[in-house]
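# Results of the structural survey
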Amino acid sequence: MITINKKVKGYYMQKDEWKNDSEYCAIVADLLANDTVKKLANYKQHHHSTRLEHSLAVSFDSYKIAKRRGLDYRAVARAGLLHDLFFYDWRTTKFDLGSHAFIHPRVALRNAEKITKLSPIERDIILKHMWGLTLARPKYEESVIVSLVDDYEAVHEFMSPMKVKYDNLKNRVRRISVSK
Ligand SMILES: [Fe+2]
Ligand SMILES: [Fe+2]
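Under the annotation held in an unreviewed UniProt entry, the chain carries the name HD domain protein and is attributed to Lentilactobacillus kisonensis DSM 19906 = JCM 15041.

Structure representation (structure tokens):
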């Protein structure tokens, strides 16, 4: 089982929620045990999260939504975890063939195909997750969910530590005014 550093209290604790869902854990167990997927922990994604933490958050939150909507939540959980399976720093690596938004879903799909068999929905989820920045429209509702959750997580991961800092500051100010 992968352990996530509890660097920022409150933030990563929330991110461990997926470990309490036994069905989710069973769906992604083989992927989490895979060395290629584990390597995602070595890459920074959105300032305050590793690519593995980000992928788990996208996967688990999308899984919960898909399950509630009676969709293929297994495909959503697995492809959500694999949607950013690439190994370069997107801030510094540039490509002649196109933007990072265009290239990395294709790289992720190729890497994912090397470690597991993908269904048509899983392929579409990985390939179209940058919908909005790229023109290719998702074919399935499952792909739309992962794409929207991916956007949400990017903002959330960037903002969460700031919120924790703000809450700590607020508590300190409250304690000072109570003790006066
Ligand atoms: Fe991505
Ligand atoms: Fe992503």
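### So, the packing of helix α2 (residues 22-32) against helix α5 (residues 73-82)
Direction vectors running N to C along α2 and α5 enclose 40°, while the axes themselves pass 10 Å from each other. One way to sum up the angle between α2 and α5 is to call them oblique. Crossing of α2 over α5 shows right-handed handedness. Listed contacts from α5 to Glu23, Tyr24, Ile27, Val28, Asp30, Leu31 and Leu32 of α2 are Tyr73, Arg74, Ala77, Arg78, Leu81 and Leu82.

### Topic: the coordination of the iron ion (ligand 2)
The coordination sphere of the iron ion (ligand 2), as far as protein atoms go, consists of His54 (NE2), His83 (NE2), Asp84 (OD) and Asp150 (OD), spread over 2.1 to 2.3 Å. For the iron ion (ligand 2), the four donor atoms are set out with angles of 82 to 174° between them, so the coordination reads as irregular. Within one chain, the residues serving as donors to the iron ion (ligand 2) are arranged as H-x28-H-D-x65-D. Taken as an interatomic distance, the gap from the iron ion (ligand 2) to the iron ion (ligand 1) is 3.5 Å; Asp84 donates to each of them. One end of the pair, His83, is in the loop between α5 and α6 (100-115); the other, Asp150, is in helix α8 (residues 141-179), and 67 residues separate them in sequence.

### Quick notes on the packing of aromatic side chains
Using the criterion set out here, one finds seven aromatic pairs in the structure. Seen from their ring centres, Trp18 and Tyr24 are 6.2 Å apart, and the 70° between their planes marks the pair as edge-to-face. Under the relative-accessibility criterion, Tyr24 is labelled buried at 0%. Between Tyr63 and Tyr73 the ring centres are 5.6 Å apart and the planes differ by 75°, which places this aromatic pair in the edge-to-face class. Here the residue Tyr63 occupies a position in helix α4 (residues 51-68), and Tyr73 occupies one in helix α5, the gap between them amounting to ten residues. With relative accessibility at 1%, the residue Tyr63 sits in the buried group. Chaining the aromatic ring pairs together yields one cluster made of Trp18, Tyr24, Phe60, Tyr63 and Tyr73.

### Observations regarding the side chain of Arg51
Residue position: Arg51 is located in helix α4. Here Arg51 occupies a buried position and makes no salt bridge, while the nearest side chain of opposite charge, Asp89, is found at 5.6 Å. Reaching out from Arg51, the side chain makes a polar contact with the backbone oxygen of Phe86 at a distance of 2.6 Å. Residues in contact with Arg51, not counting those within four places in the same chain, are Leu40, Tyr43, Lys44, Gln45, Asp84, Phe86, Phe87, Tyr88 and Trp90.

### Comments concerning the pattern of salt bridges
Per the stated rule, a full pass over the model turns up eight salt bridges. Residue Lys67 pairs with Glu23 through a salt bridge whose shortest N-O separation is 2.5 Å. In this pair, Lys67 sits in helix α4 while Glu23 sits in helix α2, placing the two residues 44 residues apart along the sequence. Here Lys128 and Asp124 are joined by a salt bridge, their closest N and O atoms 2.5 Å apart.

Rules behind the numbers
- Residues numbered from 1 in each chain as written.
- Chains lettered and ligands numbered in written order.
- Predicted model: local features only at pLDDT ≥ 70, side-chain atom pairs only at ≥ 80, totals over all residues.
- Heavy atoms only, no water.
- Axes fitted to C-alpha atoms, helices over the stretch in contact; angles between N-to-C directions.
- Helix = DSSP H or I, 4+ residues; strand = E, 2+ residues; numbered from the N terminus.
- Parallel < 35°, antiparallel > 145°, perpendicular 65-115°, else oblique.
- Left-handed = near helix turned anticlockwise from the far one by under 90°.
- Contact = heavy atoms within 4.5 Å.
- Donors = N, O, S within 2.8 Å, 3.2 Å for Na, K, Ca; no water.
- Tetrahedral: all angles 85-135°; square planar, octahedral: opposite > 155°, others 65-115°.
- Phe/Tyr/Trp six-rings, centres within 6.5 Å; stacked < 30°, edge-to-face > 60°.
- Buried < 20%, exposed > 50% of the residue type's maximum accessible area, 1.4 Å probe, protein only.
- Lys, Arg positive; Asp, Glu negative; His and termini not counted.
- Salt bridge = Lys/Arg side-chain N within 4 Å of Asp/Glu carboxyl O.
- Polar contact = N/O pair within 3.5 Å; in protein donor to acceptor, adjacent residues only side chain to side chain.

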